[in-house]
Structure formats: C-alpha cells, structure tokens
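# A closer look at the structure
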Amino acid sequence: MPNRLHFDISEWLVLDGTEAELPLTASLVQKIMQYHLLPANEIREALGHPVFVRSGWRPVWWEHLKDRDGDSQHCYKSKGATDLSIEATSGKPYKPKDMWLKFFRLLKETDYTRIAYYPDLRFFHCDYKTEERKYYISWQGWELSDYKTLADLVGANKNQNEGHSM
Ligand SMILES: [Zn+2]
C-alpha cells in the first residue's frame, strides 16, 4: 500500500457536482481502487502537486439522461476511465508548463492504454480500452496522435490570462 492516500473514492462518484447515490457494487469499488485511485495516487506522490479527478464513474442511466449512448468507458463496464488534471477546473490560469509536462510524463508511466488530451478543457482522459498504448488529442472529437505531439502541445500551452491584469 502507498504511504498515504491522497484521494477518496467519492471523487470518482461525482455527477454534475453532486456525489452519486449509493449503493455501489463491490466490483465498481474494486475497479476504481485498482485501476484508477491507486495509479492516480502514485502520480500524486511523484508529482508533489494536487491531482484532480474531473470525471470518474458515470452510470449508464446518467449517460442516457445526457443523450449519450452509455458505451463510454466511464460507465465501467470494463476497467473504467478517469479524467485527470492538475487543475480543478479549466477556468483557472494555466499551471506552470513544467508541472504539466511532469504530469504527462507520469501518466505515460501508468498502465493506462488510452490517453486523450483535451487542450481546451485541460485534462487527460485515461482508460484501458486498447491493447497497446495509444495517444489522442481531442478538440471537437478524438484524433489519433502520439506522445511527442501531445508533449509539445502540453508544453506550448500557456496561461490564457497572461498579459491581462485580473
Ligand atoms: Zn473521460
């Protein structure tokens, strides 16, 4: 076990800002712990900076309410998905790019097989859908990319508030 847990499982159970209703199945809890919370905890330890769960589990009924098909990895039919960021929301000034690059390098070291970067929303969607590691970039929809392209983008992103007085 890690020295310290930086996350609470409830962080994976937030829907529209509200914690989802119980009960949870043991299987879901196990998937969140093994495939998401513990890897996120390792990243958090190595990074020395808060890591935020932007989205974790999303039940099928909730996806249907949102006019989605319910086949998202976020429904945890398989190993599940997590959206991770070093910013709680995308509305805040961009954190130092060194921190973003370190965060991305740590994500690269995980067992996640699909990592999709959302530059506008500033988070990484991470799941296990593919056999081999694949990188994507998502502006409007997902496009296949590669580590270097994403790293360049992460490094090039800058504080959208730079040059403006607050
Ligand atoms: Zn996602």
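As shown above, the structure is provided for reference.
Keep in mind the model is a prediction, meaning the values are calculated, not measured.

Bringing the overall build of the protein chain into the picture now. Along the protein chain, the regular secondary structure elements total 4 helices and 8 strands. Starting at the N terminus, the α and β elements of the protein chain follow one another as β-β-α-β-α-β-α-β-β-β-β-α. Taking the principal axes of its C-alpha atoms as reference, the protein chain extends roughly 50 × 40 × 40 Å. Looking at the protein chain as a whole, 24% of its 166 residues are labelled buried. Within the protein chain, contacts between residues at least 6 apart in sequence are counted, and of these 57% link residues at least 24 apart.

Although it is not a glycine, Asp 16 adopts a positive phi angle of roughly 50°. As for its placement among the helices and strands, Asp 16 is situated in the loop between β1 (14–15) and β2 (18–19). On the neighbour-count criterion, Asp 16 (8 C-beta atoms within 10 Å) is exposed.

In this structure, Leu 84, Leu 107, Ile 115, Phe 124 and Cys 126 are the most contacted members of the largest nonpolar core, which totals 26 residues. Secondary structure elements with two or more residues in this core: α1 (26–47), β4 (81–85), α3 (97–108), β5 (114–118) and β6 (123–127).

Once that is clear, we can look at the sheet that holds strand β7 (residues 134–138). Across a sheet, strands are paired by hydrogen bonds formed along the backbone, either parallel or antiparallel in direction. If you walk across this open sheet you meet the 6 strands as β3-β4-β6-β5-β7-β8, and the pairing is mixed. Single-partner strands in this sheet number two, and they are β3 (52–55) and β8 (142–145). Sheet twist, expressed as the average angle between the axes of neighbouring strands with direction ignored, equals 30°. Alignment of β4 against β6, held across 4 bridges, turns out to be antiparallel.

Below, the discussion takes up α3. Between the first and last C-alpha of α3 there are 16 Å, a value that for 12 residues agrees with the 16 Å anticipated at 1.5 Å per step. Those residues of α3 lying buried are Trp 100, Phe 103, Phe 104 and Leu 107. An end-on view of α3 places all buried positions within 95° of arc, on one side of the element. Structurally, α3 contributes buried residues whose contacts are with α1, β5, β6 and α4 (147–156).

Rules behind the numbers
Residues numbered from 1 in each chain as written. Predicted model: local features only at pLDDT ≥ 70, side-chain atom pairs only at ≥ 80, totals over all residues. Helix = DSSP H or I, 4+ residues; strand = E, 2+ residues; numbered from the N terminus. Buried ≥ 20, exposed ≤ 12 C-beta atoms within 10 Å, placed from the backbone. Contact = placed C-beta atoms within 7 Å. Core = buried A, V, L, I, M, F, W, Y, C linked by C-beta atoms within 7 Å. Pairing = 2+ DSSP bridges. Axes fitted to C-alpha atoms, helices over the stretch in contact; angles between N-to-C directions. Expected span 1.5 Å × (residues − 1). Arc of directions from axis to C-beta.

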